[in-house]
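Close look at the chain arrangement
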Amino acid sequence: MPVKTRGAIMRSAPGKFEVVDLVSDDPRSGEIQVKLAASGMCHSDDHLATGDIPVAHYPMAGGHEGAGVVMKVGENTPGFEEGDHVVFSFLPACGKCRWCASGMSYLCDLGAGLLVGARFDDPESFRFTMADGTAVGQMCGLGTFAEVTTVSADSAVKIDKDIPLDVACLTGCGVGTGWGSSVTAAKVEPGETVIIMGIGGIGINAVQGAAHAGASHVIAVDPVAFKLEKAREFGATETFSSIEEANEFAKSVTNGQGADKAIVTIGVTTGAHVAQAFQAVRKAGVVIVTGLGDITDQSGIPISVGELTLFAKEIKGALFGDSNPHTDILKMLRLYQEGKLKLDELITKRYKLDEIQQGYEDMHAGKNIRGVIIYD
Ligand SMILES: NC(=O)c1ccc[n+]([C@@H]2O[C@H](COP(=O)([O-])OP(=O)(O)OC[C@H]3O[C@@H](n4cnc5c(N)ncnc54)[C@H](O)[C@@H]3O)[C@@H](O)[C@H]2O)c1
Ligand SMILES: [Zn+2]
Ligand SMILES: [Zn+2]
């Protein structure tokens, strides 16, 4: 029997999240139905609201950073049973495609369906409907801004039951993306100087990752003073409100050479931001671009090709911080249990589903590192 539930949808973009009654379809083969415990409010769902990330189907149920308890399992879902605790990965991993098989499951071919919102194997079939029968998509195939959701088992990672679900959910996007941007994508090494631009739910974890990897200087940049204060708590050694000051400082501690790595995690990332990071890194330095902006913008990155070639610099995009969901989510949770990864401290404020709009307003006002919706 399909389950009646409630969830926050976007009817068109630009728009606002609206909480409506939904019906969550029964899990089919390879699917599980989950009762959400918590969902983080990542900036990527705000890109859905502004239209910076256009999706193929409206209405779309938002949310892609969730954790909960399995209510029902479809056939062919080995390893899952009712009562299991799961974290969703915003990137599904099939385990079989070229990318999964070569250790890059963050590029799994199933990702092609993330902004369609339908079943990955059937673009005409949706797992949410409204009372009038309207098909509703699921952001990243998840739609975690709903009390109950049915998802592909490829999007879920089973976790220990003693890990609190409100913090566990953060590993499915924010922590994996930020921590991985430093540790795995940028391969930060002991003694390095690293600049992180933009200290939200992603950037704070890039700070935490760079500190964990042993960087000597973890330089956080954000125009909001509260973000810089939090960055220091997560291991930033220096903080600045502008990239110009950060760049100057990085040069002052590297004999004028510049930062070894720069990681861009700005809420609405533009080519100009990437160019600033590019100018701040040394010869053969690496820029990791994790932040997203208007993904239809074709205007590019205003950098000198000469500087790129002659200084052998690198600019690299990163999805989920080059992390592999099915191994790295469990690794991060293990580090949390060992006291080596901060998760509790990431949650600035908890909201009810009906307060979702307030949550995003607080994010824009610079009040939250991460706002998290808690379900009953
Ligand atoms: N690549 C991926 O896999 C991936 C995954 C998740 C999120 N993202 C993207 O990462 C970005 C960050 O997400 P978030 O949830 O942390 O957002 P957020 O809104 O919580 O944080 C963004 C921060 O950027 C700061 N900022 C704005 N302009 C700045 C500037 N010029 N210099 C320095 N800082 C500036 C803001 O003050 C804010 O603190 C978003 O674009 C999001 O879509 C990417
Ligand atoms: Zn996200
Ligand atoms: Zn795959």
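About the cut-offs
Residues numbered from 1 in each chain as written. Chains lettered and ligands numbered in written order. Predicted model: local features only at pLDDT ≥ 70, side-chain atom pairs only at ≥ 80, totals over all residues. Heavy atoms only, no water. Helix = DSSP H or I, 4+ residues; strand = E, 2+ residues; numbered from the N terminus. Contact = heavy atoms within 4.5 Å. Lys, Arg positive; Asp, Glu negative; His and termini not counted. Charge placed at Lys NZ, Arg CZ, Asp CG, Glu CD. Donors = N, O, S within 2.8 Å, 3.2 Å for Na, K, Ca; no water. Tetrahedral: all angles 85-135°; square planar, octahedral: opposite > 155°, others 65-115°. Buried < 20%, exposed > 50% of the residue type's maximum accessible area, 1.4 Å probe, protein only. Core = buried A, V, L, I, M, F, W, Y, C linked by side-chain atoms within 4.5 Å. Domains from an automatic or database assignment. Phe/Tyr/Trp six-rings, centres within 6.5 Å; stacked < 30°, edge-to-face > 60°. Pairing = 2+ DSSP bridges. Axes fitted to C-alpha atoms, helices over the stretch in contact; angles between N-to-C directions. Near = heavy atom within 4 Å. Polar contact = N/O pair within 3.5 Å; in protein donor to acceptor, adjacent residues only side chain to side chain. Areas by Shrake-Rupley, 256 points an atom, 1.4 Å probe, with all protein chains shown as cover. Nonpolar A, V, L, I, M, F, W, Y, C, P; charged D, E, K, R; others polar. Parallel < 35°, antiparallel > 145°, perpendicular 65-115°, else oblique. Left-handed = near helix turned anticlockwise from the far one by under 90°. 1 Å grid on protein atoms, 1.4 Å probe; cavity = no way out; pocket = protein on both sides within 12 Å on 5 of 7 lines; lining within 4 Å. Points joined across faces, edges and corners; volume = space filled by probe spheres on them.

**Describing the overall build of the protein**
Summing up its helical and strand segments, the protein has 11 helices and 18 strands in all. Each principal axis of the C-alpha distribution contributes one length, and for the protein these read about 65 × 45 × 40 Å. Counting only contacts in the protein whose residues sit at least 6 apart along the sequence, the fraction spanning at least 24 positions is 72%. Between the averaged position of the 32 positive side-chain charges in the protein and that of its 47 negative side-chain charges there is a distance of 3 Å.

**Comments concerning the coordination of the zinc ion (ligand 3)**
For the zinc ion (ligand 3), the full set of protein donor atoms is Cys-94 (SG), Cys-97 (SG), Cys-100 (SG) and Cys-108 (SG), at a range of 2.4 Å. Taken together, the 4 donor atoms coordinating the zinc ion (ligand 3) and their angles of 104 to 115° define a geometry best described as tetrahedral. Along the chain, the residues donating to the zinc ion (ligand 3) are arranged with the sequence spacing C-x2-C-x2-C-x7-C. Cys-94 sits in the partly exposed class, given a relative accessible area of 23%.

**Section: the nonpolar core**
Residues Phe-145 and Ile-196 are the most contacted members of the largest nonpolar core, which totals 83 residues. Broken down by element, this core gets its largest block of residues, 5 residues, from helix α10 (residues 325–337). If you count residues domain by domain, this core takes at least three from each of domain 1 (3–172 + 342–374) and domain 2 (178–319). Grouped together as the second largest cluster of nonpolar side chains are 20 residues, Phe-249, Ala-250, Phe-278 and Val-281 included.

**Points about helix α5 (residues 203–212)**
α5 sits mainly inside the fold: 8 of its 10 residues count as buried. The inward-facing, buried residues of α5 abut α4 (174–185), β11 (193–197), β12 (217–221), α6 (225–233) and β14 (259–264). Gly-214 sits one or two residues past α5 and shows a positive phi near 95°.

**Description of the packing of aromatic side chains**
Overall, the coordinates contain 5 aromatic pairs when judged by the stated rule. With 5.9 Å between their ring centres and 35° between their planes, Phe-17 and Tyr-360 make a pair best called tilted. Here the residue Phe-17 occupies a position in the loop between β1 (3–10) and β2 (18–24), and Tyr-360 occupies one in helix α11 (residues 356–364), the gap between them amounting to 343 residues. Their ring planes at 65° and their centres at 6.3 Å tell us that Phe-145 and Tyr-360 sit as a pair that is edge-to-face.

**Describing the sheet that holds β14**
In spatial order, the strands read β13-β12-β11-β14-β15-β16; together these 6 strands make up an open sheet with parallel pairing. Of all strands in the sheet, those bounded by a partner on one side alone are β13 (238–240) and β16 (314–317). Pairwise comparison of adjacent strand axes, ignoring direction, gives a mean angle of 15° for this sheet. The sheet contact formed by β11 and β12 spans 5 bridges and is parallel. Its bridge partner being in β12, Thr-193 is matched across the sheet by His-217. Running over the sheet, α6 touches β12 and β13 and is turned about 165° from β13.

**A closer look at the site of ligand 1**
Around ligand 1, a shell composed of 29 residues is seen, among which His-43, Ser-44, Asp-222, Gly-267 and Arg-370 lie nearest. Between ligand 1 and Asp-222 there is a distance of 2.6 Å, counted from an oxygen atom to a side-chain nitrogen or oxygen. Starting from 870 Å² of accessible surface for ligand 1 in isolation, the protein chains cover 88%. Tallied by class, residues from the shell around ligand 1 come to 14 nonpolar, 12 polar and 3 charged. The residue makeup of the shell around ligand 1 includes at least three contributed by each of domain 1 (3–172 + 342–374) and domain 2 (178–319).

**So, the packing of helix α7 (residues 243–252) against helix α8 (residues 271–280)**
A packed helix pair is summarised by two numbers, namely the angle formed by the two axes and the spacing between the axes. Between α7 and α8, whose axes approach to 10 Å, the crossing angle comes to 15°. Between α7 and α8, the angle falls in the class roughly parallel. Every pair of crossing elements has a handedness; the one defined by α7 and α8 is right-handed. Judged by residue contacts, Ile-243, Glu-244, Asn-247 and Lys-251 of α7 engage Gln-276, Gln-279 and Ala-280 from α8.

**A look at the coordination of the zinc ion (ligand 2)**
Each protein donor to the zinc ion (ligand 2) is listed here as Cys-42 (SG), His-64 (NE2) and Cys-173 (SG); together their distances run 2.0 to 2.3 Å. All donors to the zinc ion (ligand 2) come from one chain, and their sequence spacing reads C-x21-H-x108-C. Separated by 22 residues along the polypeptide, Cys-42 in the loop between β3 (31–40) and α1 (43–50) and His-64 in the loop between β4 (60–61) and β5 (66–73) bring together distant segments of the chain. Per residue, the accessibility class of Cys-42 equals that of His-64, and both read buried.

**Notes on empty space enclosed by the protein**
Enumeration according to the criterion identifies 1 cavity of 30 Å³ or more in this entry. Estimated volume of the largest cavity: approximately 40 Å³. Around the largest cavity, the lining residues are Leu-170, Gly-174, Val-175, Gly-201, Ile-204, Asn-205, Leu-346 and Arg-370. Secondary structure elements with two or more residues in the lining of the largest cavity: α4 and α5. Split into classes, the residues belonging to the lining of the largest cavity amount to 4 nonpolar, 3 polar and 1 charged. For the lining of the largest cavity, the domains that each give at least three residues are domain 1 (3–172 + 342–374) and domain 2 (178–319).

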